[in-house]
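Chain by chain, the residues run as shown.
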Amino acid sequence: MEIEIATVGGYEEVGRQMTAVRAGDDIVIFDMGLNLSKVLIHDNLRTEGMHSLDLIDMGAIPDDRILSDLDGTVQAIVPTHGHLDHIGAISKLAHRYDAPIVSTPFTSALVEEEIDDEDKFHTDNDVVQMNAGGTMSIGERCELEFVNVTHSIIDAINPVLHTPEGAIVYGLDKRMDHTPVIGDPIDMKRFREIGREGEGVLCYIEDCTNANKKGRTPSEAVAREQLEDVMLSLEDYDGGIVATTFSSHIARVTSIVEFAERIGRQPVLLGRSMEQYSGTAERLGLVDFPDDLGMYGHRRSVDRAFERVMNEGKENYLPVVTGHQGEPRAMLTRMGRGETPYELDQGDKVIFSARVIPEPTNVGQRYQSEKLLGMQGARIYDDVHVSGHLRQEGHYQMLDALQPQHVIPAHQDMAGFSGYVELAGNQGYKLGRDLHVTSNGNTIQLVG
Ligand SMILES: [Zn+2]
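Undergrad: Can you help me understand helix 6 (residues 188–196) in this one?
TA: Since one α-helical turn is 3.6 residues long, residues separated by three or four positions face the same way. Taken together, the buried positions of helix 6 are occupied by Met188, Arg190, Phe191, Ile194 and Gly195. Across the axial projection of helix 6, the buried residues extend over an arc of 160°, all falling on one side. Elements in contact with the buried residues of helix 6: strand 8 (142–148), strand 9 (157–163), strand 10 (166–171), strand 11 (201–207) and helix 13 (392–402). Of the residues one or two after helix 6, Gly198 is the one with positive phi, at around 55°.

Here it is as structure tokens:
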């Protein structure tokens, strides 16, 4: 059976991930993501009404026109998890394919919300839920399997396409977490089995986000301990404490909520995406928030919540807000500009449970946000966080477990791939032979 990989997007950047695998006549698409930084660089650009071709020209979504070069039929579109760089282009591209979108329950719910928010295109592809451990037939001779992985969002999987020529393992995005706070540990046992059963692994496509970093990515339990340490140290502080993190990072939000209660403060989630992700997770029963946890997204309800906090005393509350990257329209930035009813006083605490994404726009915006907060008297707790992506030792462990014949580094640019090329080289892989560094819009024929 002919096996071919099309590296559609995310092979020159962290963003707009999309890869297509053709096995004989059948094609499976993994991820359809958005490169958000290409959107945010333009002020107030609303993508909901934009045409796909304009977004492709901007480099915001994958250029999927390369799929017309593949001789087969798309059987499934498989987003691995709910981050926008993996699902954010589904509302723009999926309608072109007569195929279901297959994903875990949380990812499916986020995909459906993306589709609902879209103004330009109507997407009526079936959204089919499949849990980690589940399998589905693809065409006559292939099978799709979901393996549970751990990442900075719940319900993440790595999909595996089993073909007569061996397994194709799509390894975006994960870290190796044995104590993930919410959900099950990464299923390394299953990866080891896949590496040893049948024809073994023909190809492994790997998340290289942190491939230039030595050592091991800590568990979410470590971020939780850091948060506990910071927040419990503030137990006797009688002024304002505000926290911010990735809205989609449900495990992290849960930890903040829990420690807020432990120091005698009522947590309240504020900001549109904070309400969206946590509300969705709660609705699906994937998280156990306190019954009286307030979540407010709309501007007016947020302001009302802030007014209540000010009336009843800042010392009784802990707002968890959007704005960890200093996004100009996010809640924390508005607080820094004094645009909300919440008044910061000298010595109030702001906890960033996030790291700045090392990209000039983010760095600049975050700098501005911190300065504005500082001018109001706030004091910053920085980088109370661990990454969701494997570092080098995790990559070695994955290669040991899967023993793939071919490896394709993804989810980075050329500079970002260099660490991976070196470590894969240490494991006996050779550039151009079985280690395929590539760029967007290429095809790699693995079996002809
Ligand atoms: Zn991700």
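There is more to say after this.
Undergrad: What exactly am I supposed to notice about the environment of Ile29 here?
TA: Relative to the elements of secondary structure, Ile29 occurs in strand 3 (residues 26–30). Judged by its relative accessible area of 0%, Ile29 is buried.

Undergrad: What is the right way to look at the coordination of the zinc ion in this model?
TA: Any two of four tetrahedral donors ideally make an angle of 109.5 degrees at the metal, while pairs among six octahedral donors ideally make 90 or 180 degrees. With distances of 2.2 to 2.4 Å, the protein atoms coordinating the zinc ion are His81 (NE2), His83 (ND1), His151 (NE2) and Asp173 (OD). Its four donor atoms give the zinc ion angles of 91 to 169° at the centre, a pattern that matches the irregular case. All donors to the zinc ion come from one chain, and their sequence spacing reads H-x1-H-x67-H-x21-D. As far as the burial class goes, His81 and His83 line up, both buried.

Undergrad: So what exactly am I meant to see when it comes to helix 13 here?
TA: In terms of burial, helix 13 is largely enclosed, as eight of its 11 residues are buried. Taken together, the buried positions of helix 13 are occupied by Gln392, Gly394, His395, Tyr396, Met398, Leu399, Ala401 and Leu402. The secondary structure elements touched by the buried residues of helix 13 are strand 10, helix 6, strand 11, strand 18 (406–410) and helix 14 (414–426). Where helix 13 terminates, the next one or two residues include Gln403, which has phi positive at roughly 45°.

Undergrad: Explain the nonpolar core to me, please; I cannot follow it from the model alone.
TA: In globular proteins that are soluble, nonpolar side chains generally tend to be buried together. Formed by 60 residues in total, the largest nonpolar core has its most connected members in Ile29, Met32, Leu67, Leu318 and Ile351. In terms of residue count, the dominant contributor to this core is helix 8 (residues 250–262) (seven residues). When neighbours within four sequence positions are excluded, Met32 is seen to be in contact with Gln17, Met18, Ile77, His86, Ile87, Gly88, Ala89, Ile90, Leu93, Ala94 and Tyr97.

Undergrad: How do you make sense of the side chain of Glu145 when you look at a structure like this?
TA: Among the structural elements, Glu145 can be located in strand 8. A distance of 2.6 Å separates a polar atom in the side chain of Glu145 from a polar atom in the side chain of Arg190. Contact partners of Glu145, with chain neighbours within four places excluded, come to Met130, Gly134, Thr135, Asn158, Pro159, Val160, His162, Arg190 and Ile194.

Undergrad: Got a minute to help me understand the pairing of strand 1 (residues 3–9) in this structure?
TA: Looking down a regular strand, the side chains alternate between one sheet face and the other. Burial within strand 1 is extensive, with seven of its seven residues counted as buried. As judged from the five bridges shared by strand 1 and strand 19 (residues 442–447), these two strands associate in the antiparallel manner. Paired with Ala6 across the strands is Thr443, a residue of strand 19. Sheet analysis places strand 1 next to strand 2 (residues 18–23), joined by six bridges and oriented antiparallel. Residue pairing in the sheet places Ile3 in a bridge with Ala23 of strand 2.

Undergrad: Quick question: what am I supposed to make of the packing of helix 5 (residues 105–117) against helix 9 (residues 272–283) here?
TA: Each pair of packed helices can be summarised by the angle the axes make with each other and by the distance between the axes. Two numbers describe how helix 5 lies on helix 9: the axes approach to 10 Å, and their chain directions differ by 130°. By the angle class used here, helix 5 and helix 9 are oblique. Crossing geometry of helix 5 relative to helix 9 is assigned as right-handed. Residues Phe106, Ala109, Leu110 and Glu113 of helix 5 form the contact with helix 9, whose own contacting residues are Gln276, Tyr277, Thr280, Ala281 and Arg283.

Undergrad: What is the right way to read the sheet that holds strand 13 (residues 266–270) from this model?
TA: Hydrogen bonds along the backbone pair up the strands of a sheet, which may run parallel or antiparallel. Strands sit in the order 14-13-15-12-16-17 across an open sheet of six strands; the sheet is parallel. The outermost strands of the open sheet, each flanked by one partner alone, are strand 14 (294–296) and strand 17 (379–381). Neighbouring strand axes in the sheet, compared pairwise and without regard to direction, differ in orientation by 20° on average. The pairing of strand 16 (residues 349–353) with strand 17 spans three bridges and is classified as parallel. In the strand pairing of strand 17, Lys349 is matched with Arg379. Sheet strands touched by helix 9: strand 12 (241–245), strand 13, strand 14 and strand 15 (317–321). Its angle to strand 14, the strand with the most contacts, is close to 130°. Helix 10 (residues 299–312) rests against strand 13, strand 14 and strand 15 of the sheet, and its axis sits at about 155° to strand 15.

Analysis parameters
Residues numbered from 1 in each chain as written. Predicted model: local features only at pLDDT ≥ 70, side-chain atom pairs only at ≥ 80, totals over all residues. Heavy atoms only, no water. Buried < 20%, exposed > 50% of the residue type's maximum accessible area, 1.4 Å probe, protein only. Helix = DSSP H or I, 4+ residues; strand = E, 2+ residues; numbered from the N terminus. Arc of directions from axis to C-beta. Contact = heavy atoms within 4.5 Å. Donors = N, O, S within 2.8 Å, 3.2 Å for Na, K, Ca; no water. Tetrahedral: all angles 85-135°; square planar, octahedral: opposite > 155°, others 65-115°. Core = buried A, V, L, I, M, F, W, Y, C linked by side-chain atoms within 4.5 Å. Polar contact = N/O pair within 3.5 Å; in protein donor to acceptor, adjacent residues only side chain to side chain. Pairing = 2+ DSSP bridges. Axes fitted to C-alpha atoms, helices over the stretch in contact; angles between N-to-C directions. Parallel < 35°, antiparallel > 145°, perpendicular 65-115°, else oblique. Left-handed = near helix turned anticlockwise from the far one by under 90°.

The quantities given are spatial measurements derived from coordinates; they are silent on function.
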